[in-house]
Amino acid sequence: MSAIYLDYNATTPIDPQVAEAMLPYVHGLYGNPSSGHSFGLEARKGVDAARGQVADLLGCGAEDLIFTSGGTEANNHAIKGVAFAHRNRGNHIITSSIEHPAVTEVCRYLEGLGFRVTYLPVDETGLVDVGQLERALTGETILVTIMHANNEVGSIQPIAEIAEASHRRGALVHTDCAQSVGKIPVKIGDLDVDLLSVAGHKLYAPKGIGALYIRPGVVLEKFMHGASHEQNRRAGTENVIEMVGLGVACQLIEENLSRYASHMREMRDRLESGLMEAAPALRINGHPEERLPNTSSISFKGVEADRVLSSLPTVAASAGAACHSDRVEVSHVLAAMGVPTDYAMGTLRFSTGRFTTRDEIERAVAEVAGEIRSLASTSPAHI
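Nothing here was measured: the structure is a model prediction, and the numbers come from that model. (Residues numbered from 1 in each chain as written. Predicted model: local features only at pLDDT ≥ 70, side-chain atom pairs only at ≥ 80, totals over all residues. Heavy atoms only, no water.)

Asks: Please set out the packing of helix H2 (residues 38-58) against helix H9 (residues 240-278) residue by residue, giving values where relevant.
Replies: H9 packs onto H2 with a crossing angle of 35° between their chain directions and a minimal axis gap of 8 Å. Once H2 is placed against H9, the crossing between them reads as left-handed. Each of Ala43, Gly46, Val47, Ala50, Gln53, Val54, Asp56 and Leu57 in H2 lies in contact with H9, whose residues at this interface are Val240, Met243, Val244, Leu246, Gly247, Val248, Cys250, Gln251, Ile253 and Glu254. (Axes fitted to C-alpha atoms, helices over the stretch in contact; angles between N-to-C directions. Helix = DSSP H or I, 4+ residues; strand = E, 2+ residues; numbered from the N terminus. Left-handed = near helix turned anticlockwise from the far one by under 90°. Contact = heavy atoms within 4.5 Å.)

Written as structure tokens, this is what we have:
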């Protein structure tokens, strides 16, 4: 029986239309975009078209975007770039307690260099309180970096309100949109941020490509040094093949987002309703309304998530906790939300995608529910 992929938040397959668009740049259009001859000019056309496609999706100018190697580099460039370029006016950064390591590890690094970082708590639904943010802002705050949507529970942060409060105090705002682009509308004009990160492999483009939006006038210290590629902001010969892929992936989202989101939501809701009927002793984590349409973090009381997954080789999902003989390692997101340990230890994250089918959902519900019932009846909870 074929495997069921329900881990689209971890990575997505390359959309066939994206792969098709990339092929000419694999087989023939191999020129260096910086070269002045016909080979280079054809490659440059591909890069320029891709930048325009990403810009159209985000609602910004093409000149405001640089390509990166992915979301992690985009986050590093944004956070370190602001920190080092603006440390003469302040050394305070604000983030949340549920960020991806591509943000939290950057902040920890900067703390070691003398920067002060405030990690805002979240409520039981995974949302930051804008009032707490306002109280944390000081004249020394140079950057607020808070993700648009959480990768584990899908909760969507009030980024526009966060940006408004931060700008009143003179702080720049960065948001990691790795999980939100392609699932909900992401427009610069709506969010009003200064910096925004995109990860290609989360939106049906290849791994190894991403983008960073930089509001005009925002000064960043250079992250990659070398020649003057990417408007002299990010050195390195352009990854034309994957830039083209990211561009087409963004065009597909711009043209089909409503349909994609509707399908993902239907598949997620079918999964949740089926599991709630079959295994009622569960809780769904995240905000009940402000949540990504494809993301379902489900906690099953009294079982161990890693044991469930190891017993389900045909269902691909992610565990929210790792259970060892002497301890339970709960994800920092669930811990920050205050999910009780007896539930957190049995947390699975399912994430649907544009290729998820009803048959896959029905099979997944039957297999997961059966395993949950089996483990709950034979294994005591290890807390």
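Here the narrative resumes.
Asks: Provide a residue-level description of the nonpolar core, including the pertinent values.
Replies: Within the largest apolar cluster, 66 residues are counted, with the highest numbers of intra-cluster contacts made by Leu58, Val181, Leu196, Leu203 and Leu246. Considering each element in turn, this core owes the most residues, 12 residues, to H9. Apart from the residues lying within four places of it in its own chain, the contact partners of Leu246 are Val54, Phe67, Gly200, Leu203, Ala205, Pro206, Ile209, Gly210 and Ala211. One finds Ile4, Leu275, Phe350 and Ile361 within the second-largest nonpolar core, a separate group that totals 25 residues. (Core = buried A, V, L, I, M, F, W, Y, C linked by side-chain atoms within 4.5 Å. Buried < 20%, exposed > 50% of the residue type's maximum accessible area, 1.4 Å probe, protein only.)

Asks: For the sheet that holds strand S2 (residues 65-68), give the residues involved together with the corresponding values.
Replies: Ordered by their spatial adjacency, seven strands build an open sheet running S2-S8-S7-S6-S5-S3-S4, and the pairing between neighbours is mixed. The outermost strands of the open sheet, each flanked by one partner alone, are S2 and strand S4 (116-120). Here the average twist between neighbouring strands, direction ignored, is 20°. Of the strand pairs in this sheet, S2 and strand S8 (residues 210-214) are connected by four bridges, and their pairing is antiparallel. From the neighbouring strand, Thr68 faces S8, where its bridge partner is Gly210. Contacts from H2 reach S2, strand S7 (195-199) and S8, with the element oriented near 110° to S2. Against the sheet, helix H4 (residues 101-112) contacts strand S3 (92-96), S4, strand S5 (141-145) and strand S6 (172-176), and its axis sits at roughly 145° relative to S4. (Pairing = 2+ DSSP bridges.)

Asks: Lay out the environment of Gly274 in plain terms, naming residues and giving numbers.
Replies: Relative to the assigned elements, Gly274 resides in helix H9. Among the residues examined, Gly274 registers a relative accessible area of 18% and is labelled buried. Residues Gly274 and His86, 188 residues apart in the sequence, show an inter-C-alpha distance of 51 Å.

Asks: Mind laying out unusual backbone geometry, listing which residues take part and the relevant values?
Replies: Phi at Tyr204 takes a positive value of approximately 75°, unusual for a residue other than glycine. Relative to the helices and strands, Tyr204 resides in the loop between S7 and S8.

Asks: So what's going on with the sheet that holds strand S12 (residues 318-319)? Residues and values would help.
Replies: What the four strands build is an open sheet, ordered S9-S10-S15-S12; its pairing is antiparallel. With partners counted over all chains shown, the strands left at the sheet margins are strand S9 (282-285) and S12, one partner each. Strand direction decides the pairing type here: S9 and strand S10 (residues 295-300), joined by four bridges, are antiparallel. Within S10, the residue paired with Leu282 across the bridge is Phe300.

Asks: Give a description of the pattern of salt bridges that names residues and reports values.
Replies: Scanning the model with the defined rule gives 19 salt bridges in all. Among the ionic pairs, Arg354 bridges to Asp15, the shortest N-O distance being 2.9 Å. One end of the pair, Arg354, is in the loop between strand S15 (347-351) and helix H13 (358-378); the other, Asp15, is in the loop between strand S1 (4-5) and helix H1 (16-27), with 339 residues separating them in the sequence. Assessed through its relative accessible area of 11%, Arg354 is described here as buried. In this structure Asp15 comes out as buried when scored by relative accessible area, which is 4%. The partner of Arg44 in a salt bridge is Glu238, with the nearest N and O atoms 2.8 Å apart. Of this pair, Arg44 sits in helix H2 while Glu238 sits in the loop between helix H8 (229-232) and H9, and the two are 194 residues apart along the sequence. Exposure remark for Arg44: the relative accessible area of 22% places this residue in the partly exposed category. Given the relative accessible area of 8%, Glu238 is considered buried. In the salt-bridge network here, residues are joined through shared partners; they are Arg44, Asp48 and Glu238. (Salt bridge = Lys/Arg side-chain N within 4 Å of Asp/Glu carboxyl O.)

Asks: Quick rundown of the side chain of Glu230? Include the residues and the values.
Replies: Structurally, Glu230 can be placed in helix H8. Residue Glu230 is classed as buried on the basis of its relative accessible area of 5%. Setting aside anything within four residues of it in sequence, one finds Glu230 in contact with Arg51, Leu65, Ile66, Phe67, Glu238 and Met243.

Asks: For the pairing of S7, give the residues involved together with the corresponding values.
Replies: Of all the five residues making up S7, five are buried; the element is thus mostly covered by neighbouring parts of the structure. Residue alternation in S7 divides its side chains into two sets, Leu195, Ser197 and Ala199 and Leu196 and Val198, and both sets are buried. Two elements, S6 and S7, share three bridges in a ladder whose sense is parallel. Looking at the pairing, Thr175 lines up with Leu196 of S7. As judged from the five bridges shared by S7 and S8, these two strands associate in the antiparallel manner. Bridge assignment links Ala199 to a residue of S8, and that residue is Gly210.

Asks: So what about the packing of aromatic side chains? Which residues, and what values?
Replies: Tallied over the entire structure, the rule returns five aromatic pairs. Centroid distance Tyr8 to Tyr204: 6.1 Å. Interplanar angle 40°. Geometry classified as tilted. With Tyr8 in the loop between S1 and H1 and Tyr204 in the loop between S7 and S8, the pair connects residues that are 196 residues apart, well separated along the chain. For the pair formed by Tyr8 and Tyr204, the shared burial category is buried. (Phe/Tyr/Trp six-rings, centres within 6.5 Å; stacked < 30°, edge-to-face > 60°.)

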